[in-house]
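Per-entry structural report
Below, each chain spelled out in residue letters.
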Amino acid sequence: MSSLQMREMEVLGKDIGFSNVAEMDVGTVRLLGDVRRMCESNGCGMYGRNWSCPPACGSLEECEARISGYRRGILVQTVGELEDEFDGEGMMETEARHKDAFVRMHDELKKVFPKLLSIGAGCCTRCKVCSYPDAPCRFPEKQFSSMEAYGMLVTQICQDNGMAYYYGPGTIAYTSCFLLE
Ligand code: SF4
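Keep in mind it's a predicted model, so treat the numbers as computed, not measured. Chains are numbered independently. Their residues run from 1 in the order of the written sequence. Confidence filtering applies because this is a predicted model: local features only for residues at pLDDT of at least 70, side-chain atom pairs given and counted only at 80 or more, and all residues used for totals across whole chains, interfaces and linings. Only hydrogens and water are set aside when side-chain values are computed; all heavy atoms of the structure are taken into account.

1. Observations regarding the nonpolar core
- By size, the foremost hydrophobic cluster in this structure holds 21 residues, and its most contacted members are I119, M152 and L179.
- Where helices and strands are cited, they refer to DSSP runs of H or I of at least four residues and of E of at least two residues respectively, numbered from the N terminus. Only β1 (20-25), α3 (60-67), β3 (117-120), α5 (154-160) and β5 (171-180) provide two or more residues apiece to this core.
- Residues contacting I119, with those up to four places away along its chain left out, are I67, F102, S145, S146, M147, Y150, M152, S176, C177 and L179.
- Remark: nonpolar core denotes a set of buried residues (Ala, Val, Leu, Ile, Met, Phe, Trp, Tyr, Cys) joined through side-chain atoms within 4.5 Å. Exposure categories follow from relative accessible area, calculated using a 1.4 Å probe and restricted to protein chains: below 20% of the type maximum is buried, above 50% is exposed, and the middle band is partly exposed. The next biggest cluster of nonpolar side chains, apart from the first, holds 19 residues, and it includes F18, V76, M105 and L109. Note on definitions: a residue-residue contact is assigned when non-hydrogen atoms from the two residues lie within 4.5 Å.

This is the structure in structure tokens:
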């Protein structure tokens with residue numbers, strides 16, 4: 001199979017376990033300094049602790065160069081239900097489901113799109129403990145950065161591509177994207 005149509009990718013994504021799959025126009029992607037500065041404020045505690053996160057993932061200019069040339073993409077999303085807004089276990093369970101589906105989707109799309117660029121939610125978790133900064137990345141071909149690390153504002157990208165981001169109280173959504181080439 002030389003390519004996959006959007007409908008086939010939607011079916012594949014849903015089979016793998018995503019809640020939603022949508023076509024993404026790469027022209028809507030803007031890499032924003034404000035998002036990168038949010039990484040630098042280290043709210044998630046991963047800044048400077050993983051090869052896939054800033055500063056190791058490269059400057060926004062380097063990220064821009066990496067995504068240039070891609071025109072076609074898809075957004076994938078996992079929506080989870082929470083018992084209440086403090087349901088950390090529910091959040092972690094939804095994130096784990098999303099990351100598991102993300103890796104499986106990457107492996108499937110890679111068979112069809114050799115230059116696939118997979119951009120996830122949260123830092124790379126291919127290894128239990130990232131080798132950063134003591135040794136080179138163990139799997140440079142398989143590591144993935146987050147949309148935020150690229151400076152992408154996930155809400156804006158969802159909105160501009162017709163995908164909801166917020167599903168009401170008691171829910172949480174994790175979103176990733178794949179650039180296809
Ligand atoms: S593949 Fe492993 S070493 Fe490389 S960025 Fe991911 S977690 Fe770190």
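2. Description of the site of the ligand
- Here a residue is considered near a molecule or strand provided that any single heavy atom belonging to it is located within 4 Å of it. Near the ligand the following residues occur: N50, W51, C124, R126, C127, C130, S131, C137, R138, F139 and Q143.
- Residues are grouped as follows: Ala, Val, Leu, Ile, Met, Phe, Trp, Tyr, Cys and Pro are nonpolar; Asp, Glu, Lys and Arg are charged; every other residue, Gly included, is polar. Of the residues assigned to the shell around the ligand, the class counts are six nonpolar, three polar and two charged.

3. With respect to unusual backbone geometry
- Each neighbour pair has its own omega, and for P54 with P55 the value is 0°, a cis peptide bond.
- For P55, the position within the fold is in the loop between α2 (33-40) and α3.
- Note the cis peptide between Y132 and P133, where omega equals -5°.
- Residue placement: P133 occurs in the loop between β3 and β4 (145-146).
- For N42, which is not glycine, the phi torsion reads 60° and is therefore positive.

4. Some thoughts on the packing of aromatic side chains
- Centres within 6.5 Å make a pair out of two Phe, Tyr or Trp rings, where for Trp the six-membered ring is used; the pair is then stacked when the planes are under 30 degrees apart, edge-to-face when over 60, and tilted otherwise. All chains considered together, the criterion is met by three aromatic pairs.
- Pairing F102 with F144 gives two aromatic rings, centres 4.9 Å apart and planes at 65°, and the pair type is edge-to-face. Placement of F102 in helix α4 (residues 88-110) and of F144 in the loop between β3 and β4 is noted, with a sequence separation of 42 residues between them.
- Their ring planes at 20° and their centres at 5.1 Å tell us that F102 and F178 sit as a pair that is stacked. Taken together, the positions of F102 in helix α4 and F178 in strand β5 put the pair 76 residues apart, joining distant regions of the chain. The pair formed by F102 and F178 is uniform in burial state, with each residue classed as buried.
- A network of ring pairs unites the aromatic residues F102, F144 and F178 as a single cluster.

5. Some words on the pairing of strand β2 (residues 72-81)
- The element β2 is extensively covered by neighbouring structure, given that seven of its ten residues are classed as buried.
- Here, any two strands with at least 2 DSSP bridges between them count as paired. Two elements, β2 and β5, share ten bridges in a ladder whose sense is antiparallel. The residue of β5 that forms the bridge with G73 is L179.

6. Considerations on α2
- Of the residues making up α2, those classed as buried are V35, R36 and C39. Angularly, the buried residues of α2 cover 100° about the axis, an arc narrow enough to put them on a single face. In α2, the exposed positions angled more than 90 degrees off the buried face are occupied by D34 and M38.
- Where α2 is buried, its residues touch α3.
- Directly beyond the C-terminal end of α2, a positive phi value near 60° is found at N42. Note that the arc is computed from the directions linking the helix axis to the C-beta atoms.

7. Focus on the environment of D84
- With respect to the helices and strands, D84 occurs in the loop between β2 and α4.
- Sequence separation of D84 and M38 is 46 residues, and the distance between their C-alpha atoms is 26 Å.
- N or O atoms within 3.5 Å of each other form a polar contact, as long as, within protein, one can give a hydrogen and the other can take it, and as long as residues adjacent in sequence are counted only when both atoms are side-chain atoms. Polar side-chain contacts of D84 include one of 2.8 Å to the backbone nitrogen of F86.

8. What about the sheet that holds β4?
- One open sheet accounts for five strands, arranged β1-β2-β5-β3-β4; its pairing is mixed. Each edge of the open sheet is held by one strand with a lone partner, namely β1 and β4.
- Axes here refer to lines fitted to C-alpha atoms; in helices the fit is confined to the stretch in contact. Angles between the N-to-C directions go from 0 to 180 degrees. Strand contacts of helix α1 (residues 6-16): β1, β2 and β5, with the helix running at about 140° to β1, the strand carrying the most contacts.
- Each of β2, β3 and β5 is contacted by α4, which is oriented at about 15° to β5, the strand it contacts most.

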